[in-house]
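Overview (structure and organization)
Residues per chain are reported as follows:
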Amino acid sequence: MTNIILQTVSMVLCLVGVFQVIVVPKSWNTNYKNNLRFLTVLFFYSVSVLTSLLLSGKEGDAVHIVLSVSVFLEFLFAYIMTAHIISWLLVRILNDETYRQVRINRIITLVILGVQTTLLIVSQFTDFYYTIDSANIYHRQSGIVVHIALWAAEYFYAIYLLVRYHSQIKRRSSLISFSLFALFFGVALIMQLLFPGIYFVTLASSFSVVVLFAFVASDNAQEYHLKEREIEKLRVNVMLSQIQPHFLYNSLTTIKHLCRVDPAKAEKAVTDFSVYIRGNMDSLTAEKPIRFIDELDHTRAYLSMEKLRFGDDLDIDEQIPFTDFKIPSLTLQPLVENAVRHGIRRTEDGTGTVTIITEDHPDHIEVIVRDDGRGFDTGILDIDDDNHLGIRNVRYRLEHMSGAKLTVRSVIDEGTEAVISIPKTEMV
């Protein structure tokens, strides 16, 4: 009865752990799938143990088959569970180590798991670990010592990793959680040896994992809030990088001049200017991609203002047969603005053409901004300074809001091409 209670409590704790994983947003937890996978293994380990306990001593050939399977799975899930803990530990503490060190530690873990699984399979034919008699009673054999020794070796190997690399665990809460896990599991392992008929390890593992996930959820929540503050800062930077004082001044000066010489054009310029400002302001609250046609209207408003200033020196070529898709706001307009300011206007005569193209491919959509301006060395885009904030903002918004990527190609004195590639899988 004690074992049945322990396994039931263990299963309940597993479900609590699953609830923790599910209610925490996936974006908070980079190990979401690993956590859920581990809890699943632990849950079915408890199910196997409980099945073995309930069927032990019951008569029948069918019972014998089910009991044999459940005992086999009990051993196998225990191996997988322990190996998973070590792999999890490696991910958490060796993320800054070299690939070679990570690979060596993972190979050691897989070798131990391979030896355990091989001996378990061999035991099915040799009764090396255990036997199940005709009365469906489980009996340990002499080889069970090897099973416990290998299991203990995994545990002490995890302790070694924790001690050896504890300084690389960035968050104190993570270090505490892993230490508590090691403590609980170690005490349970000792109790299991002293009282072989009671499954202390199962309960200790379940309880430890729930504690571990609680600390991990706390860490992820903190990281989430830091990320939110960074995103908020980025939104402000996006607006500030796009609404440049010189553009506002030049636009208002142009409108002032048109009010005297051409009121009709002045009226259109005010409309375009308001569309441009509204597009920038709306970007601060845009958490999802918007219709491409809306981003295109915002871009056209910008180009209309620039066209008033530069006249025939600036040509616009639109090749846009396809507009039925979405794109993060303030991603097309900044690229067009760069083409005008840094491409066309910096040529010797300050003239040129900006071309906007959309292409519908089988697995993705491309938005291309091309100019025949001055061109530049794209290597400077890798330099982390405020001069390239606009491009970095565009790239960040594309990647995080649409899973899209931005590719910039340029040839000195020939021009620049910026290509936005949006996978169609992100549009479903």
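Residues numbered from 1 in each chain as written. Predicted model: local features only at pLDDT ≥ 70, side-chain atom pairs only at ≥ 80, totals over all residues. Heavy atoms only, no water.

**Examining the overall build of the protein chain**
Looking only at helices and strands, one finds 12 helices and nine strands in the protein chain. Here the protein chain holds 428 residues, and 45% of them are scored as buried. Summarising the internal contacts of the protein chain: among those between residues at least 6 apart in sequence, 72% fall at separations of at least 24. As displayed, the protein chain has an accessible area near 22000 Å², and 61% of this comes from carbon and sulfur atoms. (Helix = DSSP H or I, 4+ residues; strand = E, 2+ residues; numbered from the N terminus. Buried < 20%, exposed > 50% of the residue type's maximum accessible area, 1.4 Å probe, protein only. Contact = heavy atoms within 4.5 Å. Areas by Shrake-Rupley, 256 points an atom, 1.4 Å probe, with all protein chains shown as cover.)

**Topic: the confidence of the model for the protein chain**
Per-chain confidence: the protein chain averages 77 in pLDDT, with 67% of residues scoring 70 or above. Across residues 26-30 the pLDDT falls below 50, and counting only partners more than four positions away or on other chains, this stretch makes eight contacts in the model. (pLDDT = per-residue confidence, 0-100.)

**Re the environment of Ile-357**
With respect to the helices and strands, the residue Ile-357 is situated in strand β6 (residues 352-360). For Ile-357, a relative accessible area of 6% translates into the label buried. Separated by 10 residues in the primary sequence, Ile-357 and Val-367 have C-alpha atoms spaced 5.7 Å apart. Excluding residues that lie within four positions of it along the chain, Ile-357 makes contacts with Gln-319, Glu-366, Val-367, Ile-368 and Arg-370.

**Concerning the sheet that holds β6**
Spatially, five strands are ordered β4-β6-β7-β9-β8 in an open sheet, and the strand pairing comes out mixed. The outermost strands of the open sheet, each flanked by one partner alone, are β4 (314-319) and β8 (405-411). Taking the axes of each pair of neighbouring strands and ignoring which way they run, one obtains an average angle of 10° across the sheet. By the bridge criterion, seven bridges tie β8 to strand β9 (residues 415-423) in an arrangement that is antiparallel. What sits directly across from Val-411, in β9, is Gly-415. The sheet strands contacting helix α10 (residues 292-310) are β4, β6 and β7 (364-371), and the helix crosses β4 at an angle near 160°. (Pairing = 2+ DSSP bridges. Axes fitted to C-alpha atoms, helices over the stretch in contact; angles between N-to-C directions.)

**A short note on unusual backbone geometry**
One non-glycine residue with positive phi stands out, namely Leu-330, at about 55°. For Leu-330, the location among the structural elements is in the loop between β5 (326-327) and α11 (332-344). For Leu-330, a relative accessible area of 1% translates into the label buried. In this structure, Asp-413 is a non-glycine residue whose phi angle is positive, near 65°. If you trace the backbone, Asp-413 turns up in the loop between β8 and β9.

**Some words on the nonpolar core**
Ranked by size, the top nonpolar core spans 39 residues in total, and within it Phe-292, Leu-332, Leu-335, Val-336, Val-354, Leu-406 and Ile-420 carry the most contacts. Considering every element that reaches this core, the biggest residue donor is α10, with seven residues. In contact with Leu-406, not counting residues within four places along its chain, are Leu-335, Ile-391, Val-394, Arg-395, Leu-398, Ala-418, Val-419 and Ile-420. If you look at the next biggest cluster of nonpolar residues, it comprises 15 residues, including Leu-55, Tyr-129, Tyr-130 and Ile-144. (Core = buried A, V, L, I, M, F, W, Y, C linked by side-chain atoms within 4.5 Å.)

**Some remarks on the side chain of His-147**
With respect to the helices and strands, the residue His-147 is situated in helix α5 (residues 144-164). Ignoring sequence-local partners within four residues, the contact set of His-147 consists of Phe-75, Tyr-79 and Tyr-129.

**Observations regarding the packing of aromatic side chains**
The final tally for this structure, using the stated rule, is seven aromatic pairs. Considering the side-chain rings of Tyr-130 and Tyr-138, the 5.4 Å spacing of their centres and the 35° angle between planes classify their relative orientation as tilted. You can call Tyr-138 partly exposed: its relative accessible area is 28%. Taking 4.6 Å as the distance between ring centres and 25° as the angle between the ring planes, the aromatic pair formed by Phe-292 and Phe-325 counts as stacked. Taken together, the positions of Phe-292 in helix α10 and Phe-325 in the loop between β4 and β5 put the pair 33 residues apart, joining distant regions of the chain. The exposure classification of Phe-292 matches that of Phe-325, with both residues buried. Put simply, the rings of Phe-75, Phe-128, Tyr-129, Tyr-130 and Tyr-138 touch in pairs and so form one group of aromatic residues. Directly above the ring of Phe-310 sits Arg-345, whose terminal nitrogen or CZ lies 3.9 Å from the centroid. (Phe/Tyr/Trp six-rings, centres within 6.5 Å; stacked < 30°, edge-to-face > 60°. Lys NZ or Arg CZ within 6 Å of the ring centre and 35° of its normal.)

**A short note on the packing of α10 against α11**
Two numbers describe how α10 lies on α11: the axes approach to 9 Å, and their chain directions differ by 25°. Judged by the inter-axis angle, α10 sits roughly parallel to α11. Our pair here, α10 against α11, has a crossing hand that is right-handed. On α11, the residues touching Phe-292, Glu-295, Leu-296, His-298, Thr-299, Tyr-302, Leu-303, Glu-306 and Phe-310 of α10 are Leu-332, Gln-333, Pro-334, Val-336, Glu-337, Val-340 and Arg-341. Residues belonging to the contact of α10 with α11 are distributed by class as follows: nine nonpolar, three polar and four charged. (Parallel < 35°, antiparallel > 145°, perpendicular 65-115°, else oblique. Left-handed = near helix turned anticlockwise from the far one by under 90°. Nonpolar A, V, L, I, M, F, W, Y, C, P; charged D, E, K, R; others polar.)

**A word on the pattern of salt bridges**
Inspection of the entire model under this criterion finds 10 salt bridges. Close ionic contact of Glu-306 with Arg-309 constitutes a salt bridge, the shortest N to O distance being 3.0 Å. A residue pair is termed a helical-turn pair when its members lie 3 or 4 positions apart in one helix, as Glu-306 and Arg-309 do in helix α10 at three residues. For Arg-309, a relative accessible area of 32% gives the class partly exposed. Across the pair Glu-417 and Arg-370 runs a salt bridge, and its minimum N-O distance is 2.7 Å. In this pair, Glu-417 is assigned in strand β9 and Arg-370 in strand β7, connecting sequence segments 47 residues apart. You can call Glu-417 buried: its relative accessible area is 17%. (Salt bridge = Lys/Arg side-chain N within 4 Å of Asp/Glu carboxyl O.)

**Let's talk about the environment of Asp-297**
Inspection of the secondary structure assignment puts Asp-297 in helix α10. Overall, the relative accessible area of 34% leaves Asp-297 in the partly exposed class. Separated by 21 residues in the primary sequence, Asp-297 and Tyr-276 have C-alpha atoms spaced 8.6 Å apart.

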